Structures are given as structure tokens and as C-alpha cells.
Amino acid sequence: MTSFGPQIIVALVVGLLLGLLAKQLGGGPNGSDNALTVTLETIGSSYVTLLKTAVIPLIFTAVVSSISNLRQVSNAARLAWNTLLWFGITALIAVVIGMALGTILQPGANTGVSQPADYDGGTGSWWAFLQGLIPQNFLGLAAETEMEEAGTAVTSLSFNVLQLLVVAAAVGIAALKVGEAAEPFLKLNASALAIIQKVLWWIIRLAPLGTVGLIGRAVATYGWDTIGSLGKFTLAIYLGLFLVLFVVYPVLIRSHGLSAKQYFSGAWPAIQLAFVSRSSVGTLPLTQRVTERNLGVPRSYASFAVPLGATTKMDGCAAIYPAIAAIFVSQFYGVELDVTHYLLIALVSVLGSAATAGTTGAVVMLTLTLSTLGLPLAGVGLLLAVDPIVDMGRTAVNVAGQALVPTIVAKRQGILDPELYNAERHGDPFADDVAGSAGEEEPAATTDRWAKQDA
């Protein structure tokens, strides 16, 4: 059986070729998409929908379980504080790199792109963020009804991850306070989490098929023409992402006495899936799996840090991107930025990433940054054309950071398993599906065997 990583790489190549073919075929009758483009869109969107379907029960059960697991950790408060501290440190490094690239490369100068009409999309604000913390209902669900051209009404449900986190955290803390009487509930929650994770492993196994559809659709729809019109901006973003992922993260890993090669070989399955799915939350189960079983972070800590990171730790979407994009908008509109503006960009990036949870993260984060700086929100509309393209790289860096911080904190606190971290990795993340359960720590021999097992 071919392991997971090569499957994704092959799927990327196949999707790219099919996307180029679909673009060459042109549009269908009445300007509609051709059959190949529609097929790719259906495959890709169906896969993302499957991932999102399992997100609500996953986050609720995972957060409740992670809080209850903190009973097993003697220094839980210290771990939580260090996790948040390193979230902030890595975000600050990323945003400084973004501001430096924006200043040096001048992506907003002489773009040749017309100024847009006023952007009428969603905007972010600190007040809206604080209001968003208050759950509207138990699962943070919201219904929206839209009228289609045929005159039929279509109602869709969406959910707010931040509100769901608040509810889950409150339930988890309450269960700890109740004590022994809550044990049946916690056992039921652990069992539910195990079942949900099993379903998610099945969905993630379909990632190569979803990759073909997602990449193919992106190439067929946007091609290289769209990138060309904002080429310098796209280049600046990917250069910043490259520096953070392949320079900053390895330096941090090496400075803690760990192998950068082992980090990448361990985290790479989740980074790959994040790149094609463009969803940190959708990649969450795989991120937690590789963090525990490849990187050697204890489950009792990883089950707290990784879900938290999936919604608040976004070096790509909430640090590099808004920094470069804000500088782009200022240059495009001829607005001079001073030291105060740069300090505000850094502040918003380090403290405001939680405001992106459960939304089209980078767009909301950018509007939050622009509104804080007093820059034209219409600038958001300029960058929407290349957003799906840069979002792949942004999400990959997000997930890489979400696996990095728990690894660093675990190493600093002396709870990292060095044998698991340094083990050879020839298998795939699904080799031991029959072993373990969500509510119990797996024996070291089981996880070690998984890390070394051939596919």
C-alpha cells in the first residue's frame, strides 16, 4: 500500500493536469463551466463538506476531553501559560517578517489593478469579536436563507467555532468542578470522541481524491492570469510563508535541541492536508494525531494545545498575510504608514488571531487590521481574486505552527517522548487504526511501533 504522503503528491500532480485541461476546454453553453470543471468542483467541495460535517462534534468532545485530561497533568496551568506565550512569540516573529517583506518588496506599488468599488463583504472589529464570544445557542449555530435566481429559498446552517469553544470549555470546567458525579458524562464524551475520530480517519483517507478536485478546480478557475495581475503580492506572501516554515520553525526546533528533519517528517502529513483542504479545523484530527504519535507530545497535553491552536494559532492567516496585505493596501491608496501603524499591525496580529476562528479567517483578520489602522476596507476586494491561491500556503503554515508550539512546550517542560520524536517514519498516519482509544493513553510500545511501522 502506498503511504499517505506520496498519495497526496500524486494527487497534486493529477489535479494540476486536470485543472489545466479543464481551463483549455473553456466554458460550456451559456457561459457555464464545462463538465470537467463541474466534476472537479463537485469532488473538491464534497470532500471539504465531509470534513466540516464532523467538525462540530469533534471540537466539542475534544475540548471537553482535553480539559478533563488536564487532571492527569500536574503542571496544567504552567503548560497552558507557556502554550499561549509561544503562540504569541511565533506570531510576533511571523508578523515582523511580513512587515519587512511588505516594506522591502512594495507589493502595492504599480500593480496595474483598478481600484475597486467599496467592498461590501464582512468586516472585523474588536467589538464584534467580543460580542462573538457570547454563544447564540448551545452549538453556536446560525441559519441563513438566500433566494436563488429561480425564486426558491435555500437555507444553510453555519457555526461559530469560537462560540463552540466557549460552550465546550464551560462544560469541561463544570464537569471538573462537579467531580465524581460527572465521571459517567466524561466517559460517554471520551467514547463519542473515539467514534468521531474514527469517522474522521475514514474521511481523511479520501484526502487524495479531494486533493484532485480542490487543486484541479483552483487551476481551472483562477489559472495563472489571476496570479499575474497581483504577482508581486502573491510572491511576497509565499516568500514570507517560506521563511517562517523553512527558516524560523527549524531554528526554533534546533534551538531546543531537536531535529528539524524529524519535525518535518512527523508533521508533514498534516501540512499537506492543510495545503489542499485550506482548513485548519478540518485538518485538526490529523494534526493532533501526528503531534502525539510522530512528535511525541503526550496526549493529555496535545488534546488541549492542538484544538486551541487550530482556532487561535494562525501564523499564516493572522500574522504574515494581514501584515503584507495591510502594507499593500496602504501603498495602493498612497497612505503613508508610520511607526505607530506598524506597532498596531503587530499588536493586532499577536492578539487578534482568535477573532478569525470559525470564519474565513484571513479576510476577517485583514478587515480587522485595516479598520484598526483606518485604511480603506475597499482594499479587501482587491485581494479576493488571489485569496484561494494564497490561502493554501497560509493554512499549511498555520497547521505547521499548531504542531510546532506543543512540541516546543513539551520539550521545555520535560514531557516530550524523545524516542517517538526521533523514531524512523516509514508508515502512514493510519497504520494503527485498530489500536488505542480517545479516552486513554496508548502504551508506549504501541505508539513506538506505529511510528516505525512500514506501510
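Residues numbered from 1 in each chain as written. Predicted model: local features only at pLDDT ≥ 70, side-chain atom pairs only at ≥ 80, totals over all residues. Heavy atoms only, no water.

Engineer: Which parts of the structure should I look at to understand the nonpolar core?
Structural biologist: One finds Phe 233, Tyr 249, Tyr 263, Tyr 301, Tyr 321 and Leu 383 to be the most contacted residues of the largest nonpolar core, which totals 107 residues. In this view, Tyr 249 contacts Val 244, Tyr 263, Asp 315, Val 397, Ala 400, Gly 401 and Leu 404; residues no more than four positions away in its chain are not counted. Within the second largest apolar cluster, 6 residues are counted, among which are Ala 11, Ala 22, Leu 36 and Leu 40. (Core = buried A, V, L, I, M, F, W, Y, C linked by side-chain atoms within 4.5 Å. Buried < 20%, exposed > 50% of the residue type's maximum accessible area, 1.4 Å probe, protein only. Contact = heavy atoms within 4.5 Å.)

Engineer: Honestly, the pattern of salt bridges in this entry has me stumped. Any pointers?
Structural biologist: Think of it this way: side chains of opposite charge can pair up when their charged atoms draw near. One pass over the full model with this rule turns up 3 salt bridges. Residue Glu 292 pairs with Arg 299 through a salt bridge whose shortest N-O separation is 3.1 Å. For the pair formed by Glu 292 and Arg 299, the shared burial category is buried. Between Asp 391 and Arg 394 there is a salt bridge; the shortest N-O distance is 2.8 Å. Of this pair, Asp 391 and Arg 394 both sit in helix 18 (residues 387-412), 3 residues apart, roughly one helical turn. The exposure classification of Asp 391 matches that of Arg 394, with both residues buried. (Salt bridge = Lys/Arg side-chain N within 4 Å of Asp/Glu carboxyl O. Helix = DSSP H or I, 4+ residues; strand = E, 2+ residues; numbered from the N terminus.)

Engineer: Sorry, what's going on with helix 13 (residues 299-312) here?
Structural biologist: Spacing of three or four residues puts side chains on the same side of an α-helix, whose turn is 3.6 residues. An ideal rise of 1.5 Å per residue puts 20 Å on 14 residues; helix 13 measures up with 19 Å between its terminal C-alpha atoms. Buried residues dominate helix 13, accounting for 13 of its 14 residues. (Expected span 1.5 Å × (residues − 1).)

Engineer: In this structure, what is going on with the side chain of His 256? I would like to understand it.
Structural biologist: With respect to the element layout, His 256 can be found in the loop between helix 10 (231-255) and helix 11 (260-277). For His 256, the side chain forms a polar contact with the main-chain oxygen of Leu 252, separated by 2.8 Å. Side-chain polar atoms of His 256 contact the side chain of Arg 412, separated by 3.2 Å. (Polar contact = N/O pair within 3.5 Å; in protein donor to acceptor, adjacent residues only side chain to side chain.)

Engineer: In this structure, what is going on with the confidence of the model for the protein chain? I would like to understand it.
Structural biologist: The predicted coordinates ought not to be read in detail in places where the model reports low pLDDT. Considering every residue of the protein chain, the mean pLDDT works out to 77; 73% of them sit at 70 or more. Predicted confidence for residues 118-124 stays below pLDDT 50, and this span has 15 contacts to residues more than four positions away or in other chains. Note that residues 434-455 has pLDDT below 50 and, in this model, 52 contacts with residues that lie over four places away or in other chains. (pLDDT = per-residue confidence, 0-100.)

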